[in-house]
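Coordinate inspection notes
The primary structure of each chain is shown beneath.
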Amino acid sequence: AKVGGRNQARFYDCSMSRDLVRRREIEAELRAAIQRDELSIFFQPIVDLETGRIRTFEALVRWFHPEKGELRPDEFIPVAEETGVIVTLGNWITKQAARAAATWPEDVTLAVNLSPLQIRAPGAAIGILAAIREAGLAPERLELEVTESLFLDDSESTGAFIEELSAVGVRFALDDFGTGYSSLGYINKFPFSKIKVDRSFVSGPKVGRKSDAIIRAVAEMGARLDMAIVAEGLETIEQVRAVSAAGCTLGQGYYFSRAVPDYLAALLLAQERNP
Ligand code: C2E
Ligand code: CA
Ligand code: CA
Ligand code: CA
């Protein structure tokens, strides 16, 4: 059948407005979802590639919607960012995650993802510290994952935020490394303790000699600058072996575990410590 320009335009209009309607719905419901207890925090382990032990759990938010089913963060975090709901949501996530983390052995740390908007909200640093204090988690056990998009505008307030929290022991990880721009400048400027190499360097069509050389170079830089290098998205033993050989010290991915609810995270830690 012939596809007319008109039909095509109508098709796009229709799907665009459907998308908009869905976004509006998500926005309205997101505010209520916290109260209704539809959101929960899952935890994915980040393991020491040499010993296999869990060093950190990354908090990843999940939304179990009564009608729509499980919504992925990629669907609602961007809406939360556009509408500013992320500030309330982010504080809630940090507090919930810190409560779980406070029950873990002290050498296990908590990683929380931060959106740029959360950092720019007034009193952002104080809010995060209040949340973890209330939960009973020491600042040294908190690690904030940020992406390069954080630095695109207003790097001054971002700098102040990072300095303020670093001063009390909170650590920072540069997330999705290799997918943005001029990352080396940020690494030079801000005190990151960890770099997370994006999973596109580990699996997928672009993986090969080049990506392997890039991981090696990043690992070498990490060793020299005293930063841990995490390989993200490890799904197979071959990938684990390859990134270990390339010099990454930490790994995360389905090969080890998906993100799990808090009681399973606690169980994983208990099994590891009392085999
Ligand atoms: P991210 O921070 O890069 O988180 C890693 C994502 O990769 C998670 O998806 C995780 O489930 C997935 N993943 C982990 N291992 C593997 C693997 O081996 N293979 C594959 N294919 N995927 C793997 P998730 O939970 O859907 O989160 C997606 C993104 O949503 C996150 O990317 C993060 O940017 C954002 N996000 C999640 N939770 C939060 C949150 O609490 N706050 C904020 N601001 N953003 C969040
Ligand atoms: Ca992350
Ligand atoms: Ca990532
Ligand atoms: Ca990501």
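Refer to the structure printed above.
Computed from a predicted model, the values in this text were never measured in an experiment.

This part covers the overall build of the protein. Counting secondary structure elements, the protein contains 10 helices and nine strands. The C-alpha atoms of the protein give a radius of gyration of 20 Å, which matches the 19 Å a tight globule of 275 residues would have. Projected onto the principal axes, the alpha-carbon positions of the protein cover approximately 60 × 50 × 45 Å. Within the span of the protein, comprising 275 residues, buried residues form 45% of the whole. Entry remark: accessible area of the protein is about 14,700 Å², with carbon and sulfur atoms responsible for 52%. With 32 positive and 39 negative side-chain charges, the protein shows a spacing of 5 Å between the two charge centroids.

The subject of this paragraph is the coordination of the calcium ion (ligand 3). All of the protein donors around the calcium ion (ligand 3) are D175 (OD), D176 (OD), E232 (OE) and E232 (OE); their distances to the metal are 2.2 to 2.7 Å. Along the chain, the residues donating to the calcium ion (ligand 3) fall in the pattern D-D-x55-E. Distance-wise, the calcium ion (ligand 2) is placed 4.0 Å from the calcium ion (ligand 3), both being coordinated by D175. With D176 in strand β6 (residues 171-177) and E232 in the loop between β8 (228-231) and α9 (237-245), the pair connects residues that are 56 residues apart, well separated along the chain.

As a further point, take the coordination of the calcium ion (ligand 4). D176 (OD) and D176 (OD) make up the full set of protein donors to the calcium ion (ligand 4), lying at 2.6 to 3.2 Å. Between the calcium ion (ligand 4) and the calcium ion (ligand 2), a spacing of 5.8 Å is present.

Turning our attention to the pattern of salt bridges. All told, the structure shown has 16 salt bridges when counted by the stated rule. Notably, a salt bridge pairs R62 with E70, separated by 3.7 Å at the nearest N-O pair. Relative accessible area serves as the criterion here: at 41%, E70 is assigned to the partly exposed category. One network of salt bridges, with partners in common, ties together E58, E145, K196 and E232.

Among the secondary structure elements, L152 is positioned in the loop between β5 (142-146) and α6 (155-167). Taking relative accessible area as the criterion, L152 reaches 59% and is therefore assigned exposed. Put simply, L152 and L268 are 116 residues apart on the chain and 38 Å apart in space, counted from C-alpha to C-alpha.

On to the packing of aromatic side chains, then. Counted according to the given criterion, the structure contains seven aromatic pairs. Note on F57 and W104: the rings are 5.0 Å apart at their centroids and 50° apart in plane angle, and the pair reads as tilted. Of this pair, F57 sits in strand β2 (residues 54-65) while W104 is found in the loop between α3 (86-101) and β4 (109-113), placing the two residues 47 residues apart along the sequence. Relative accessible area serves as the criterion here: at 0%, F57 is assigned to the buried category. The exposure class assigned to W104 is buried, which follows from its relative accessible area of 5%. Each ring, one from W63 and one from F76, has its centre 5.4 Å from the other, and the planes form 90°; the classification is edge-to-face. Taken together, the residues W63 in strand β2 and F76 in helix α2 (residues 73-83) connect sequence positions 13 residues apart. When sorted by exposure, W63 lands in the same class as F76, which is buried. Aromatic rings pair up to connect F43, F57 and W104 into one cluster. Above the plane of the ring of Y254 lies R258, whose end atom (NZ or CZ) is 3.8 Å from the centre.

Reading the values: the criteria
Residues numbered from 1 in each chain as written. Chains lettered and ligands numbered in written order. Predicted model: local features only at pLDDT ≥ 70, side-chain atom pairs only at ≥ 80, totals over all residues. Heavy atoms only, no water. Helix = DSSP H or I, 4+ residues; strand = E, 2+ residues; numbered from the N terminus. Rg over C-alpha atoms; globule rule 2.2 N^0.38 Å. Buried < 20%, exposed > 50% of the residue type's maximum accessible area, 1.4 Å probe, protein only. Areas by Shrake-Rupley, 256 points an atom, 1.4 Å probe, with all protein chains shown as cover. Lys, Arg positive; Asp, Glu negative; His and termini not counted. Charge placed at Lys NZ, Arg CZ, Asp CG, Glu CD. Donors = N, O, S within 2.8 Å, 3.2 Å for Na, K, Ca; no water. Salt bridge = Lys/Arg side-chain N within 4 Å of Asp/Glu carboxyl O. Phe/Tyr/Trp six-rings, centres within 6.5 Å; stacked < 30°, edge-to-face > 60°. Lys NZ or Arg CZ within 6 Å of the ring centre and 35° of its normal.

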